[in-house]
Amino acid sequence: MSASIQPPLESPATPENWLEAPANRWAFNHVERLLGTAVIPRGRAGRRRFAVAGTELDEAVIATAEGSSTVAEFLASTATDAIVVLRGEEMLFERYYGEAAPDRRHALMSISKSIAGMAAGCLVADGVLDVSATVEAYVPELASSAYGTATVREVLDMTAALRFRQDYDDPQSQVQTGDRAAGWRPRHDGDPDGVRAFLTGLEPDGPHGRRFQYCSATTDVLAWVLERAAGQPYPDVIGERVWSRIGAEHDAVVTLDPAGAPYACAGIGTTARDLARFGRCVLDGGMADGHQVIPEEWIHDTRRGGQAAVLPDRDLGSIHPNGTYCNQWWIPGDSAGTLFGIGIFGQYLWLDPERDVVIVKFSSLPHPRDGRAEHAAALASIAAAVGSGHGVREAR
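> Which residues make up the side chain of E32, and what values go with them?
As for its placement among the helices and strands, E32 is situated in the loop between α1 (24-27) and β1 (37-40). On the basis of relative accessibility, which here comes to 18%, the residue E32 falls in the buried class. Of note is the side chain of E32, whose polar atom sits 2.5 Å from the side chain of R105.

> I'd like a description of helix α10 (residues 272-283), backed by residues and values.
Compared with an ideal rise of 1.5 Å per residue, which puts 12 residues at 16 Å, α10 spans 16 Å between its outermost C-alpha atoms and is within 8% of the ideal. Counting buried positions over the 12 residues of α10 gives 11, a clear majority of the element. Every buried residue belonging to α10 is among A272, D274, L275, A276, R277, F278, G279, R280, C281, V282 and L283, and all of these are buried. Positive phi appears at G285, one or two residues downstream of α10, with a value of about 70°.

> Quick rundown of the packing of aromatic side chains? Include the residues and the values.
One pass over the structure, following the stated rule, counts 13 aromatic pairs. For the ring pair F212 and W330, a centre distance of 5.8 Å and an interplane angle of 70° mean the geometry is edge-to-face. Pair noted here: F212 is in the loop between α7 (195-200) and α8 (216-230) and W330 is in strand β14 (residues 329-331), with a separation of 118 residues, a long-range link. Classification of F212 by relative accessible area gives buried; the value is 7%. Centre to centre, the rings of Y214 and W330 are 5.3 Å apart; their planes meet at 35°, and the pair counts as tilted. Of this pair, Y214 sits in the loop between α7 and α8 while W330 sits in strand β14; the two residues are 116 residues apart in sequence, bridging distant segments of the chain. Put simply, the rings of W18, F28, W184, Y263 and F345 pair up and form one aromatic cluster.

> Describe the pairing of strand β15 (residues 339-343), and please don't skip the residues or the numbers.
Where burial is concerned, most of β15 is hidden: five out of the five residues are buried. Because side chains alternate across β15, one face comprises the buried residues L339, G341 and G343, and the other comprises F340 and I342, equally buried. Bridge analysis of β15 against strand β16 (residues 347-352) gives five bridges, and the strand direction is antiparallel. Counted as the bridge partner of G343 is Q347 from β16. If you look at the hairpin formed by β15 and β16, you'll find three residues sitting between the two strands, and F345 has a positive phi there, around 70°.

Reading guide: rules and limits
- Residues numbered from 1 in each chain as written.
- Predicted model: local features only at pLDDT ≥ 70, side-chain atom pairs only at ≥ 80, totals over all residues.
- Heavy atoms only, no water.
- Helix = DSSP H or I, 4+ residues; strand = E, 2+ residues; numbered from the N terminus.
- Buried < 20%, exposed > 50% of the residue type's maximum accessible area, 1.4 Å probe, protein only.
- Polar contact = N/O pair within 3.5 Å; in protein donor to acceptor, adjacent residues only side chain to side chain.
- Expected span 1.5 Å × (residues − 1).
- Phe/Tyr/Trp six-rings, centres within 6.5 Å; stacked < 30°, edge-to-face > 60°.
- Pairing = 2+ DSSP bridges.

This is the structure in structure tokens:
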């Protein structure tokens with residue numbers, strides 16, 4: 001695995017402030033100039049093309065958490081960097097703002113988790129990953145950590161139990177310690193030397209499997225397990241099993257900690273169009289270009305959701321009271337059968353199976369949890385609008 005880093009351009013962002021507004025509007029579009037990264041190769045497969053339908057959504061009126069607005073007003077109010085909307089094989093709508101561009105990768109944040117979840121399904125189909133096995137069976141280094149006796153299934157569904165606070169504002173929280181170990185924030189004295197040293201030191205908090213606990217570190221454990229199961233570095237696992245087979249136009253990247261380990265929970269960067277291609281593959285039952293990329297049964301298992309009522313998250317639980325979590329995807333339990341990946345600061349991959357719609361939205365909101373209710377309402381409304389044709393007109 002090779003790391004690459006380019007010197008920062010003259011910009012408002014530095015490795016110290018890149019997660020803070022307003023610097024994040026530049027930084028999320030130029031992560032490779034701030035942090036070390038490894039390539040997730042697109043391979044030599046042909047690019048998947050979509051017909052451009054030439055529709056105008058800017059003035060379409062959609063529902064929001066506050067009432068209603070036009071799509072253009074919603075995009076402006078939520079610090080949008082890019083949006084791509086697909087219906088079937090048609091690209092209906094595409095916009096870029098500020099530093100974003102069709103060929104520029106953007107930080108996915110925790111949508112990275114959803115990519116890891118699909119790669120796990122590929123390894124299960126390959127016969128090298130057993131979701132009923134314990135983490136320590138694949139990664140003995142984690143035997144004495146909180147994760148050693150957790151099963152891979154419990155890791156996939158975030159029901160591993162550990163002492164971990166996902167508080168993005170508190171420097172003493174474990175999620176910020178993990179960021180510092182990954183090289184995402186300035187190091188504090190006594191911090192672990194890298195992501196995997198951080199994982200080995202996390203402590204248990206009761207039996208696994210009894211409750212949902214959203215925890216970014218859990219996806220980094222999953223990535224370590226996938227590496228061991230596949231016998232290859234994580235960027236190659238994702239590249240070989242997923243990215244090289246969906247018709248991506250560009251390589252993806254993943255950030256690396258100072259020791260060279262991937263920050264799998266949040267560190268992937270892709271273009272908006274390529275993330276839409278990944279979403280299209282998931283919505284098509286794991287198929288791309290006539291080939292089964294992700295096992296169809298894994299997709300069905302994901303869409304069925306996880307344990308009932310496992311979203312105690314203070315905002316997602318209130319927005320999606322019937323929601324569950326499965327294979328690193330959020331399943332809101334709505335009538336459309338929606339599933340989605342979400343990342344802090346407003347990153348979304350929204351899939352509406354009923355209307356055959358994929359929406360990718362990249363943002364640079366000021367606070368990690370900003371706009372979740374607004375996005376849930378607006379993205380569902382956009383999917384409904386393009387699915388029905390209501391309020392959508394052809395561009396002239």
